[in-house]
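Each chain, letter by letter, is given below.
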Amino acid sequence: MLILLALATLLLNGYHPLAEDGGLYVAGVQLTLDPALFPHYTVFVSEHLHFSVFAPVLAFFVHFTHLSLAWVLLLTELLSLWLTFYAAHRILQRTISSEAAQFAGLCLLAAFWTLPIAGTSLLLMDPYVTARSLSTPLSLLAVAFALDHRPSLHPLLGSALCLILAAAFHPLMAAYAFAFVFVLRLSRLRQRFSAYAILTVAALALAAILQTFAPTESPAIIAAEKSRYYWFLSQWQWFELLGLAGPLAVLAALLTRYRKHPDPLNAAATTLCRACMAVGCIATLVALLFAHEASRSHLVARMQPLRVFLLIYAIMTLLLGATLTQLALETRQRLQAQAGRLALVSLPTILIVALAGTMFYVQRQAFPASEHLEFPWRAQQNPNPWVRAFLWARDNTPLDALFALDTKYVNEDGEDAQTFRPIALRSAVPDFSKDGGEAAITPSLATQWLQGADAQTNLSTETDAVRDARLLPLGVTWMVLHSAAPTAHQCPYNNGVIKVCRLAAARP
């Protein structure tokens, strides 16, 4: 069942291995496999390798299996899908008695797979492979172990092992998973509200200390941090703020139901709801008080405390789908008319199918110029004109070429957030959109990032004189422009949307 559900989720939500953050992580794996790649601005590819075993592990499996990286990525995606559903099923087994309701919870998770997490710039799960693809299911598995009531060390050791493995892949997300599991254990105490109060004071005190003693930041660092608007609640839209309050309200409603139906499983569900609400409120309070644009330092904002909502969303989705189905089943037993009973039971199914169809439509709108499933055997037939230009650059430019693209090229209509480096296997000047995230969490990169991002601003609309003055001092040898951009430079590739041009000072 879990394997079939994983395959259905892949088909529903799509697969884009080199888009968005997936491209950043894949470039790190490529560099691990071939250190000769990306000779310019290498640090923007290699920096995150210091904190995660993701790239070395995938590189190992490429060597061990003799498969291409594209196939290893696809198999890793399928593994992460299955492992997530396995962990989710373990949670539901400890909180929901009905197997039909458990399955409904898993189905709603499949439908909501790519649901945005409020305004955090995270998805519940990504349609590509990153370190979160493995840290998230391991974190959910740690929660499942923590829900176990057996009087032995097995649950504690299982939870600890999952958190350690999650930290090896994504330390920050694992830290919030650890905080969640810790609060979950506190939620079993009779004096839990006192424990919540002490924990809240401790979290606020720690945030205040970090903010007070953090070093003053340079203008470049501040520019990098402010480029991540989602770090600051004051920059969120109203519907993004609703994305924080909404799940907590749903969990409060579920908590009310579970408390009215006391049994061992509902007690675990009640504990889980309380933990979600406590963690969510503490994280929101920390962000509200200390993550401000005008602060002297943005250390707390850089830690992104609202990322803990990823676990909250996952658990809310599971419990909501399961509980709605439980309600339908219970109400059916009280109805006499057969037609009414069948209609009532069908309602959760219809709702999940409708939500799945909506999410499928949203995903197609997010990647309109790309195949819904970018499988390895279809890589050379990608209809996206940007990807075709990047592939031409890979096959027709020197390995040490340095490319410039518009600083926000991944946000262009029809580009579909496809990242240049892992597709073209060529170096690129740091861009605003994706490399800005790396510079924001690694302040030592901020100066290089700001210089490169500014140099590529409005690249296709500037004149050759302006472009050359900006790019040649950086050592740029090639650039990617819109087809309509006027230039006297030679452009050996032009597909009607995008062209690849050689700068005058570049080697043939």
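A short tour of the structure in this document, coming up. By convention here, each chain's residues receive numbers from 1 onward along its written sequence. Local features are withheld for residues below a pLDDT of 70 in this predicted model, meaning they are given only at 70 or higher, and side-chain atom pairs are given and counted only at 80 or more; totals for whole chains, interfaces and linings count all residues. For the side-chain quantities, the full set of heavy atoms in the structure was used; hydrogens and water were omitted.

## Some words on the overall build of the chain
- Numbering of helices and strands starts at the N terminus; helices are DSSP runs of H or I of at least 4 residues and strands are runs of E of at least 2. Scanning the chain for helices and strands turns up 21 helices and 5 strands.
- Dimensions of the chain, computed from C-alpha atoms along their principal axes, come out at roughly 80 × 55 × 45 Å.
- Put simply, the chain has 508 residues, and 56% of those count as buried. Burial classification: accessible surface area is computed with a 1.4 Å probe over protein chains only, and a residue below 20% of its type maximum counts as buried, one above 50% as exposed, and the rest as partly exposed.

## Here's the deal with the nonpolar core
- The biggest cluster of nonpolar side chains holds 153 residues, and the ones touching the most others in it are Phe 180 and Phe 420.
- If sequence neighbours within four positions are ignored, Phe 180 has contacts with Val 143, Leu 272, Ala 275, Cys 276, Val 279, Leu 311, Ile 312 and Ile 315.
- Ala 207, Ile 282, Phe 290 and Val 300 belong to the second largest nonpolar core, which has 6 residues in total. By nonpolar core is meant a set of buried Ala, Val, Leu, Ile, Met, Phe, Trp, Tyr and Cys residues that side-chain atoms within 4.5 Å join together. For this analysis, residues touch if any pair of their heavy atoms sits within 4.5 Å.

## Details of the pattern of salt bridges
- Salt bridge, as used here: a side-chain nitrogen of Lys or Arg that lies within 4 Å of a carboxyl oxygen of Asp or Glu. Enumeration according to the criterion identifies 12 salt bridges in this entry.
- The partner of Asp 21 in a salt bridge is Arg 132, and the shortest N-O contact between them spans 3.5 Å. Note that Asp 21 is positioned in helix H2 (residues 20-33) and Arg 132 in helix H7 (residues 132-146), a separation of 111 residues in sequence. Side by side, Asp 21 and Arg 132 carry an identical accessibility label, which is buried.
- Here Arg 394 ties to Asp 395 by a salt bridge, and the two come within 3.0 Å at their closest N and O atoms.
- What you see here is one network of salt bridges that share partners, running through Glu 20, Asp 21, Asp 126, Arg 132 and Lys 434.

## Focus on the environment of Trp 392
- Relative to the helices and strands, Trp 392 is located in helix H17 (residues 385-396).
- Classification of Trp 392 by relative accessible area gives buried; the value is 17%.
- Residues Trp 392 and Ala 424, 32 residues apart in the sequence, show an inter-C-alpha distance of 7.6 Å.
- Contacts of Trp 392, omitting those with residues within four sequence positions, involve Thr 397, Trp 478, Pro 492, Tyr 493 and Val 500.

## Looking at the pairing of strand E5 (residues 498-502)
- Within E5, 5 of the 5 residues are buried, which leaves the element mostly enclosed by the surrounding structure.
- Burial along E5 is two-sided: the residues Ile 498, Val 500 and Arg 502 and Lys 499 and Cys 501 are all buried.
- Across 2 bridges, the pairing between strand E4 (residues 493-494) and E5 is antiparallel. Looking at E5, one finds that Asn 494 is bridged to Lys 499.
- For two strands to count as paired, DSSP must find a minimum of two bridges between them. In textbook terms, the turn of a hairpin is the stretch between consecutive antiparallel strands, and for E4 and E5 this stretch comprises 3 residues, one of which, Gly 496, has a positive phi near 90 degrees.

## Regarding unusual backbone geometry
- We note that Ala 118 has phi near 50 degrees; this positive angle belongs to a residue other than glycine.
- Structurally, the position occupied by Ala 118 is in the loop between helix H6 (99-111) and H7.
- The phi dihedral of Gln 304 falls on the positive side, at around 50 degrees, and the residue is not glycine.
- Inspection of the secondary structure puts Gln 304 in the loop between helix H14 (299-303) and helix H15 (309-334).

## What to know about the packing of helix H1 (residues 2-13) against H6
- At a minimum axis separation of 9 Å, H1 and H6 run at an interaxial angle of 25 degrees. With respect to their mutual orientation, H1 and H6 come out roughly parallel. In this structure, H1 meets H6 at a crossing whose hand is right-handed. Where H1 abuts H6, its residues Leu 2, Leu 5, Thr 9, Leu 12 and Asn 13 lie against Leu 106, Cys 107, Ala 110 and Ala 111. Axes here refer to lines fitted to C-alpha atoms; in helices the fit is confined to the stretch in contact. Angles between the N-to-C directions go from 0 to 180 degrees. Should an angle fall under 35 degrees it is taken as roughly parallel, and over 145 as roughly antiparallel, whereas 65 to 115 is taken as roughly perpendicular and any remaining angle as oblique. Here is the rule for handedness: rotate from the far helix to the near one, and if that takes an anticlockwise turn smaller than a right angle the crossing is left-handed, while a clockwise turn gives right-handed.

## Here's the deal with the side chain of Asn 384
- Following the sequence through the fold, Asn 384 ends up in the loop between helix H16 (338-366) and H17.
- Excluding anything up to four places from it in sequence, Asn 384 contacts Ala 369, Ser 370, Gly 414, Glu 415, Asp 416 and Gln 418.

## A word on the pairing of strand E3 (residues 478-482)
- Taking burial as the measure, the 5 residues of E3 include 4 buried ones, the bulk of the element.
- Across 2 bridges, the pairing between strand E1 (residues 402-404) and E3 is parallel. Within E3, the position partnered with Phe 403 by the bridge is Trp 478.
- Judged from the 5 bridges that link them, E3 and E5 form a sheet pairing that is antiparallel.

## Focus: the environment of Ala 269
- As for its position among the elements, Ala 269 is in helix H13 (residues 264-290).
- Residue classification places Ala 269 among the buried residues on the basis of a relative accessible area of 0%.
- Counting along the chain gives 220 residues from Ala 269 to Leu 49, while the straight-line C-alpha distance between them is 38 Å.
- Once residues within four sequence positions are removed from consideration, Ala 269 is found in contact with Thr 95 and Tyr 258.

## Remarks on helix H11 (residues 219-226)
- Burial in H11 covers these residues: Ala 220, Ile 221, Ala 224 and Glu 225. One face of H11 carries all of its buried residues, which in axial projection span an arc of 135 degrees.
- Tucked inside the fold, the buried residues of H11 contact H14, helix H19 (435-441) and helix H20 (446-455). An arc is given here, and it is the one of the directions from the helix axis to the C-beta atoms.

## A look at the sheet that holds E3
- The strand order across the open sheet formed by 5 strands is E2-E1-E3-E5-E4, and the pairing between neighbours is mixed. Where the open sheet ends on each side, the last strands, each with one partner, are strand E2 (427-428) and E4.

## So, the packing of aromatic side chains
- Each aromatic pair joins two rings of Phe, Tyr and Trp (for Trp, the six-membered one) with centres within 6.5 Å, and gets the label stacked for planes under 30 degrees apart, edge-to-face for over 60, and tilted for any other angle. Tallied over the entire structure, the rule returns 20 aromatic pairs.
- Put simply, the rings of Trp 386, Phe 390, Trp 392, Phe 403, Tyr 409, Phe 420, Trp 478 and Tyr 493 touch in pairs and so form one group of aromatic residues.
- The ring centre of Phe 145 lies 5.2 Å from the NZ or CZ of Arg 90, which sits over that ring.
- Consider the ring centre and the ring normal. A charge sits over the ring if Lys NZ or Arg CZ is within 6 Å of that centre and within 35 degrees of that normal. Taking NZ or CZ as reference, Lys 408 lies 4.6 Å from the ring centre of Phe 432, over its face.

## Some thoughts on a nonpolar patch on the surface
- A patch consists of residues whose relative accessible area exceeds 30% and which take part in no salt bridge; residues with like charges are grouped when within 9 Å of each other, and nonpolar side chains (Val, Leu, Ile, Met, Phe, Trp, Tyr) when within 5 Å. Surface accessibility follows the Shrake-Rupley procedure with a 1.4 Å probe radius. Residue values consider only the protein chains on display as shielding. On the surface, Ile 3, Leu 4, Leu 7, Leu 79 and Trp 82 cluster together into a nonpolar patch covering about 500 Å² of accessible area.
- Contributing elements (two or more residues each) for the nonpolar patch: H1 and helix H5 (69-93).
- The element contributing the most residues to the nonpolar patch is H1, with 3 residues.
- Relative to the assigned elements, Leu 79 resides in helix H5.

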